[in-house]
Amino acid sequence: MQLNRILVINPGSTSTKIGVFDNELVVLEKTIRHKPEEVNQYKRIIDQYEFRKQVILSVLDEEGINISKLSAVCGRGGLLRPIEGGTYEVNEAMIEDLKEGYNGEHASNLGGIIASEIAKGLNIGAYIVDPVVVDELHDLARISGVPEIPRKSIFHALNQKAVARRAAKDLGQTYKESRLLVTHMGGGITVGAHVNGRVIDVNNGLHGDGPFSPERAGTVPAGDLVSLCYSGQLYRDEVMKKLVGQGGLMAYLDTNDAVEVENMVEHGDKKAKLVYDAMAYQIAKEIGSMSVVLEGKVDAIALTGGLAYGKAFISEISKRIDWIADVLVYPGENELEALNEGTLRVLQNEEIPKQYPNFVE
Ligand SMILES: Nc1ncnc2c1ncn2[C@@H]1O[C@H](COP(=O)(O)OP(=O)(O)OP(=O)(O)O)[C@@H](O)[C@H]1O
Ligand SMILES: CCCC(=O)O
């Protein structure tokens, strides 16, 4: 079998995770942490591009990885225009949208750009896999009740699809024939209804939709939010921070660290218990609602992300949903592996890479 050496890059807000794989075999996995003063000196996330690229190249050099041996480079894709899931070749139209931050600022906007720059010098392919804007919603799911505000698909597509494939395999099925509810529970929380390999409904995990999370508000009563916006007490950025970054556990308990919250609960903190239980309650409610999207025909419910390490938290959710279907737990996220697998499917000719459309022409 042909040996493919693939470099994968997952830029996050405070770190850049990189991996080098020989086909499925992990050669290197590394989390490069960035000090706030290093990243905060740049006005826009995109301005961090050269700094992050150089850090990646230095780490590869220190680890003895000769980049001239690479077969492809893959980055986590960002807030592009809505596209269906899969592996995409990085092209000029995509680079333009990533640079502009077409759908907003997000650290993953850097992934495709850095992958492309490294690949260009080596004359090899650059790819992204299942970016956060994967949009496979069915038409019913787009209607919100306010025509100017359609519901959007912004979610942890990369990890959700990787976990869905894994769950389907564990059930003895293929992803394309399965009906699954997948819940990613990290800094943000998204619950997706996966039918035959497509995510036909999902909450927008970035902008105020679905359960609250360690640092996001989720759905809040709309009328009261409008009153807050027009109270004259807050700037737009301050309201946005209440929804994304400073919402959820952060707002109630001043931490986004669920391990810390579990310690508070263990030490008898009643407020921490109420808020933590409420987060589990809202997640269960969202899963219940998505089970209706699948008309009750659910092969399994998969729970994943960092919060899935919390055994008591998983029990709190499971007791409300295990009547719907079996609950499978896959703690953590396997985004580097998922980027590698998506690239490998293309290099091994199992999948044709998709082309990001030139929306301007
Ligand atoms: N062993 C554990 N028990 C309970 N919670 C945990 C454990 N390990 C991590 N977590 C919690 O998981 C959350 C972070 O999850 P994760 O690492 O998936 O998020 P992220 O990658 O920062 O954000 P996102 O997944 O939204 O992109 C934090 O609240 C963290 O405290
Ligand atoms: C929901 C999209 C990914 C993220 O949490 O930033």
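In this text the structure is predicted, and so the values were computed from the model without any measurement. (Residues numbered from 1 in each chain as written. Chains lettered and ligands numbered in written order. Predicted model: local features only at pLDDT ≥ 70, side-chain atom pairs only at ≥ 80, totals over all residues. Heavy atoms only, no water.)

J.: Is there a simple way to think about the overall build of the protein chain in this case?
T.: Counting its secondary structure elements, the protein chain contains 13 helices and 12 strands. In terms of overall size, the protein chain behaves like a compact globule, its C-alpha atoms giving a radius of gyration of 20 Å where 361 residues would be expected to give roughly 21 Å. The dimensions of the protein chain, computed from C-alpha atoms along their principal axes, are 55 × 50 × 50 Å. Split into buried and exposed, the 361 residues of the protein chain put 50% on the buried side. Across the protein chain, every contact between residues at least 6 apart in sequence was considered, and the portion connecting residues at least 24 apart equals 68%. Total accessible area on the protein chain stands at roughly 17,400 Å², and carbon and sulfur atoms take up 51% of it. Taken as two groups, the 38 positive and 51 negative side-chain charges of the protein chain have centres that lie 1 Å from each other. (Helix = DSSP H or I, 4+ residues; strand = E, 2+ residues; numbered from the N terminus. Rg over C-alpha atoms; globule rule 2.2 N^0.38 Å. Buried < 20%, exposed > 50% of the residue type's maximum accessible area, 1.4 Å probe, protein only. Contact = heavy atoms within 4.5 Å. Areas by Shrake-Rupley, 256 points an atom, 1.4 Å probe, with all protein chains shown as cover. Lys, Arg positive; Asp, Glu negative; His and termini not counted. Charge placed at Lys NZ, Arg CZ, Asp CG, Glu CD.)

J.: What should I look at first to understand the site of ligand 1 in this one?
T.: Around ligand 1 lies a shell of 16 residues, among which His184, Gly188, Asn256, Asp257 and Ala258 are the nearest. Note that an oxygen atom of ligand 1 is positioned 3.0 Å from one of the side-chain N or O atoms of His156. A distance of 2.6 Å separates an oxygen atom of ligand 1 from a polar side-chain atom of His184. Out of a free accessible area of 650 Å², ligand 1 has 68% covered by protein chains. Top contributing element to the shell around ligand 1 by residue count: helix H10 (residues 258-266), with three residues. Class assignment for the residues of the shell around ligand 1 results in five nonpolar, nine polar and two charged. (Near = heavy atom within 4 Å. Polar contact = N/O pair within 3.5 Å; in protein donor to acceptor, adjacent residues only side chain to side chain. Nonpolar A, V, L, I, M, F, W, Y, C, P; charged D, E, K, R; others polar.)

J.: How should the side chain of Gln48 be read in this particular structure?
T.: By the secondary structure assignment, Gln48 is in the loop between helix H1 (36-40) and helix H2 (49-62). Residues in contact with Gln48, not counting those within four places in the same chain, are Val39, Tyr42 and Leu110.

J.: Quick question: what am I supposed to make of helix H3 (residues 92-100) here?
T.: Working note: α-helix, 3.6 residues per turn, so residues spaced by three or four point in the same direction. Buried within H3 are the following residues: Ala93, Met94, Ile95, Asp97 and Leu98. Its buried side turned inward, H3 meets strand S5 (87-89), helix H4 (109-122) and strand S6 (125-129). A positive phi of about 65 degrees marks Gly101, the residue just after H3.

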